[in-house]
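What the coordinates show
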Amino acid sequence: MSLQVFLQAQLLGTEEFLSAPSTASPHGNGDSSALPSETAAQAFLGRTAWLTLYAEVLGRALLRELKLSRLLLGSSSAEQFLLVLAEDDIPRANEFLSGAAESVAAISGNKLRLLWVSTENLGAWPIVRKRLDDALAAKASTPLAGHQDASPMFAPASDVANETAADNYFLEFGAKIAVATRIGWSAEQRAHLLCDEGQLSWALSDSNEADDEGIFFPRRFAMNDEGSHLSSLSELAGRAEGNPHWAVLRGDVDLFDARLRRATSIEEHIHLSTLFKQFFAGELALLCAYPEFWRKVSLLYRGGDDFAVVGSWDALILVARELHRVFEKFVEQNLQTSAGVEAKTVSMAIAIAPDMDASIATIYGQAGLHLRTAKVSEAGTFHLFGRTLEWARVPDAEELKTSLVRMVTEFAVGPEVIHDLVSVYRESFSARGSRRGKAVKVEKPWRTYLRVSQVLPQLRGKEFNDLRNTVVTHLLGKKTAGLKLRPSARVGLEWARLAAGE
């Protein structure tokens, strides 16, 4: 009787893969010297869709190759899958995955690495899981192990023509995946996913009620005014309140891997993996369909515990807040009785494109950098406008933004007032510095209070004066003797500046 074996596969290098600039040619002729930003954005969409689906498809394709049941796919997401196989199947699985790894490296310009390990189902699940993790870590840190000829590893990067050919594939894939009903795979090109064709294929479902053979892949894209094509980045920017800018929002569950390591059984491991994957896929698809978001936001990427969204800068802030609210309820329902803080908070970050021609890959990379900054500062925080806030402080920033915008729109206060307040706050904040996004105490509060009072106009009328007092309170607090400059106020000022068109 053959021994039962767990096989774990993982894609490494996804950040570098998605942040790399596109060299796709809009005409498919290899000339990428004058690449339009919108063409690069479509190629990027193809990359994110491919990455979201590839591990899902590869695990299923391996099971089909071995003529095994789909039920042996324990868990899968954008970057990994876990299979249960017989010991006799491992040599064929290794051969299959070796070919896939070579194809993945070629199509990604050697930015992606497909690694896999296997171990016998012996001992308790935590012990089995540790053996898998240790083996993956060893492979990741020794890329030359097992290579008789290491010279290709030191060869120059792939030439532009090959990179352009791969990006032309992603450009075409991004255009087709938006309307595809099935995703296919062929043994001849193991890194290429095919839309509505292929040697093997699986149905794509926008609902998490897909059957066992289907793949849950919700697609939510903002369309142009005619509803015929995906909205361009400039169209998304034009739908923003105030200054026309588009942005990228990224989020990641804090310490999710640690939560998985706490699982005491394979059943618990699979349950957690599936639970979080379906949460993000389902809730993001629902949010992007809301009336206030459906023309402003497009879903880019959804992993097992992370995601990325592109859209109008103002809509993404509201998407982040709403998703955080729903995530808290999700955790309360599913992890309330679980010990520890692992996977009970989510961190997010927004990067705003400075101009219409900015590269979406670059802005995606900046959002990732901001997200890492937020997670290092404090788990379960939100990074926007250069500051990291606790989620509880975001409503304070929004209230300050709303009050300042009302001053501009309802009381004809010049938007330059917001710019002046930003300057006062920036100077005072910079003079004292800040640690980990905390409030900064001011040594001479009366001076800052006087400067803010001089900038804000004084008009007759109770409503305006109440609004003015609200702004001062949000900026400086109620007690001027103990005045502290709050990061939420700085965020509110930057938010208001963009919303007012300053």
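These lines cover the structure that appears in this document, whether it is placed above or below. It should be emphasised that the depicted structure is a prediction, and the values quoted were computed from it without experimental measurement. Numbering of residues begins from 1 in every chain and follows the order in which that chain's sequence is written. This being a predicted model, a pLDDT of at least 70 is required before a residue's local features are given, and a value of 80 or more before pairs of side-chain atoms are given or counted; all residues contribute to the totals for chains, interfaces and linings. The side-chain figures draw on all heavy atoms in the structure; neither hydrogens nor water molecules are used.

Examining the overall build of the protein
- Runs of E in the DSSP output that reach at least two residues are strands. Runs of H or I that reach at least four are helices, and both are numbered from the N terminus. Scanning the protein from N- to C-terminus turns up 15 helices and 16 strands.
- Working definition: with a 1.4 Å probe on protein chains only, accessible area under 20% of the residue-type maximum means buried, over 50% means exposed, and in between means partly exposed. Counting only residues that meet the buried cut, the protein has 51% of its 502 residues in that class.
- When contacts within the protein are restricted to residue pairs at least 6 apart in sequence, long-range pairs at least 24 apart make up 70% of them.
- Only carbon and sulfur atoms are counted for the fraction: they give 51% of the accessible area of the protein, which is about 22,700 Å². Residues count as neighbours in contact if any of their non-hydrogen atoms are within 4.5 Å of one another. Each accessible area is a Shrake-Rupley estimate made with a 1.4 Å probe; only the visible protein chains count as cover when residues are assessed.

Concerning unusual backbone geometry
- Within the chain, Lys-67 stands out as a residue other than glycine whose phi angle is a positive 60°.
- Of note, Lys-67 is situated in the loop between helix 2 (37–65) and strand 2 (73–76).

A closer look at the side chain of Thr-52
- With respect to the element layout, Thr-52 can be found in helix 2.
- In this structure, Thr-52 is in contact with Ala-78, Phe-217, Leu-300, Tyr-301 and Arg-302, ignoring residues within four places of it in sequence.

Quick word on the packing of aromatic side chains
- Pairs were defined over the aromatic rings of Phe, Tyr and Trp, the Trp ring being its six-membered one, requiring ring centres within 6.5 Å. Orientation was assigned from the angle between planes: stacked under 30 degrees, edge-to-face over 60, tilted for the rest. Under the definition given, this model contains 22 aromatic pairs.
- Ring pairs connect the aromatic residues Phe-256, Phe-276, Phe-279, Phe-280, Phe-307, Phe-327 and Phe-330, which therefore count as one cluster.
- Just above the ring of Tyr-364 sits the side chain of Arg-250; from NZ or CZ to the centre is 3.9 Å. Either the NZ atom of lysine or the CZ atom of arginine qualifies as a charge over a ring when it sits within 6 Å of the ring centre and within 35 degrees of the ring normal.

Here we look at the side chain of Asp-305
- Here Asp-305 lies in the loop between strand 10 (297–302) and strand 11 (306–312).
- Under the convention used here, Asp and Glu are negative, Lys and Arg are positive, and both His and the chain ends fall outside the count. Salt bridge, as used here, is a side-chain nitrogen of Lys or Arg placed within 4 Å of a carboxyl oxygen of Asp or Glu. No salt bridge is formed by the buried Asp-305; its nearest oppositely charged neighbour, Lys-375, is found at 6.8 Å.
- Apart from the residues lying within four places of it in its own chain, the contact partners of Asp-305 are Gly-251, Asp-252, Val-253, Phe-256 and Phe-280.

So, the pairing of strand 2
- Pairing of strand 2 with strand 3 (residues 80–86) involves three bridges; the strand directions are antiparallel. By the bridge assignment for strand 3, Ser-76 is matched with Phe-81. Only strands that DSSP links by at least two bridges are regarded as paired with each other.

A look at the sheet that holds strand 4 (residues 113–120)
- If you walk across this open sheet you meet the four strands as 2-3-1-4, and the pairing is antiparallel. The open sheet has two free edges, formed respectively by strand 2 and strand 4, since each of these has just one partner strand. Strand-to-strand twist of the sheet, defined as the mean angle between neighbouring strand axes without regard to direction, takes the value 15°.
- Sheet topology note: the strand 1 (residues 4–12)/strand 3 ladder contains seven bridges and is antiparallel. Within strand 3, the residue paired with Val-5 across the bridge is Leu-85.
- Each axis is a line fitted through C-alpha atoms, taken for helices only over the stretch in contact, and angles between the N-to-C directions span 0 to 180 degrees. Against the sheet, helix 3 (residues 90–107) makes contact with strand 1, strand 3 and strand 4, and its axis sits at roughly 165° relative to strand 4, the strand it touches most.
- Running at roughly 40° to strand 2, helix 8 (residues 266–288) makes contact with strand 1, strand 2 and strand 3 of the sheet.

Section: the environment of Phe-327
- Tracing the sequence through the fold places Phe-327 in helix 9 (residues 313–334).
- In this structure the C-alpha to C-alpha distance between Phe-327 and Val-346, which are 19 residues apart in sequence, comes to 7.7 Å.
- When neighbours within four sequence positions are excluded, Phe-327 is seen to be in contact with Val-253, Phe-276, Phe-279, Phe-280, Ala-343, Lys-344, Thr-345 and Val-346.

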